[in-house]
Amino acid sequence: MIKSFLFAALITLTASSSAMSLGSKHAIVIDEATGKVLFEKNSSDIVPIASLTKLMTAMVVLDAHLDMHEHIVITEEDVDVLKFSSSRVPVGAVLSRNTLLELALMSSDNRAAHALARTYPGGIEYFKQAVRNKSHALSLRRTNIEEPTGLSPFNTSTASDLAKLAMAASRYPEIERITTVSGDLIDVGGSARHYHNTNKLVGDKNWTISLSKTGYTQEAGRCIIMRVRTAGRDAIMVLLNARASVNRTADAINLHRFLMAERQQPVMAGLNIK
């Protein structure tokens, strides 16, 4: 009876990745240490990536070694006239570059991200060139980023490329720290405001997350990138174009369970079942 149960469990685990059904249209999960693809679904399709773009924006800004305490004024140039998205950062607010980075990554504020690019040495055009150079350095061959927020539908990539981007971003302690706090109280224009992480799984006791970024536009759907530690290893998880936040979260939870089960396969395979 026990032997039969163990054998059945092993077969179930082996088949779990192929049998898994995700609502997200594109996905990939990679074992960071080995580079092994543990799960994938349409991972080479080129699609809009929404605010996942902001991870690239953050890396390029940090690579420039700018004064992170320098104060920057939010201007009309930073207001979204493409999607007319809302922002809790008013025009005229004066914030440090470090605070703008926190707002762009944790709460995905578009004005903050645009201000970071606008004040890049040489301005927006030099920022875009830095992005192209970074994409080339990371071998992101199917990635195109035209602006810093992700609002443009022409900011596109693949799940496979985004896994590379996530691994690169995880090497920046500032990005790791900012994207893995559930919220923060930030002074904006003399008023303390509470900002929340757009990923509600951050802070969940069942998860160990060391990198996180969500994204949404109508073209991109609900997207998420995470670096998670489970079953003794780090894995990169990318989910693109889920219909709703609840679907994206359900997909992430299913993949998290899959990672835990998949890790048990070598142990079970090594059992002496007679």
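Shown above is the structure to which this text applies.
Residues numbered from 1 in each chain as written. Predicted model: local features only at pLDDT ≥ 70, side-chain atom pairs only at ≥ 80, totals over all residues. Heavy atoms only, no water.

1. Some remarks on the pairing of strand S9 (residues 209-217)
Looking along a regular strand, one sees the side chains alternate between the two faces of the sheet. Burial runs high along S9: 8 of the 9 residues are buried. Inspection of the sheet shows S9 paired to strand S10 (residues 221-230) by 8 bridges, in the antiparallel sense. Pairing of leucine 211 across the sheet is with arginine 227, part of S10. (Buried < 20%, exposed > 50% of the residue type's maximum accessible area, 1.4 Å probe, protein only. Helix = DSSP H or I, 4+ residues; strand = E, 2+ residues; numbered from the N terminus. Pairing = 2+ DSSP bridges.)

2. Notes on the pairing of S10
The element S10 is extensively covered by neighbouring structure, given that 8 of its 10 residues are classed as buried. The antiparallel hairpin formed by S9 and S10 contains 3 residues in its connecting segment. Pairing between S10 and strand S11 (residues 233-242): 8 bridges, direction antiparallel. Note that in S11 the partner of isoleucine 224 across the bridge is leucine 239.

3. Here we look at helix H2 (residues 53-63)
Where burial is concerned, most of H2 is hidden: 10 out of the 11 residues are buried. Within the span of H2, buried status applies to Thr53, Lys54, Leu55, Met56, Thr57, Ala58, Met59, Val60, Val61 and Leu62.

4. Some remarks on the packing of aromatic side chains
Going through the model one piece at a time under the given rule, you end up with 2 aromatic pairs. Directly above the ring of tyrosine 195 sits arginine 88, whose terminal nitrogen or CZ lies 4.3 Å from the centroid. If you follow arginine 222 out to its NZ or CZ, it ends over the ring of tyrosine 216, 3.9 Å from the centre. (Phe/Tyr/Trp six-rings, centres within 6.5 Å; stacked < 30°, edge-to-face > 60°. Lys NZ or Arg CZ within 6 Å of the ring centre and 35° of its normal.)

5. A short note on the layout of surface pockets
Its volume calculated, the largest pocket comes out at about 690 Å³. Going through the elements one at a time, strand S8 (191-196), S9, S10 and helix H8 (245-269) are the ones with two or more residues in the lining of the largest pocket. Counting residues per element, the lining of the largest pocket draws most heavily on S9, at 5 residues. For the second largest pocket, the calculated volume is near 190 Å³. Lining the second largest pocket, in full, are Glu77, Asp78, Val79, Asp80, Val81, Leu82, Asn110, Arg111, His114, Glu147, Thr149 and Leu151. (1 Å grid on protein atoms, 1.4 Å probe; cavity = no way out; pocket = protein on both sides within 12 Å on 5 of 7 lines; lining within 4 Å. Points joined across faces, edges and corners; volume = space filled by probe spheres on them.)

So far we have only geometry, and geometry alone does not tell us how the molecule works.
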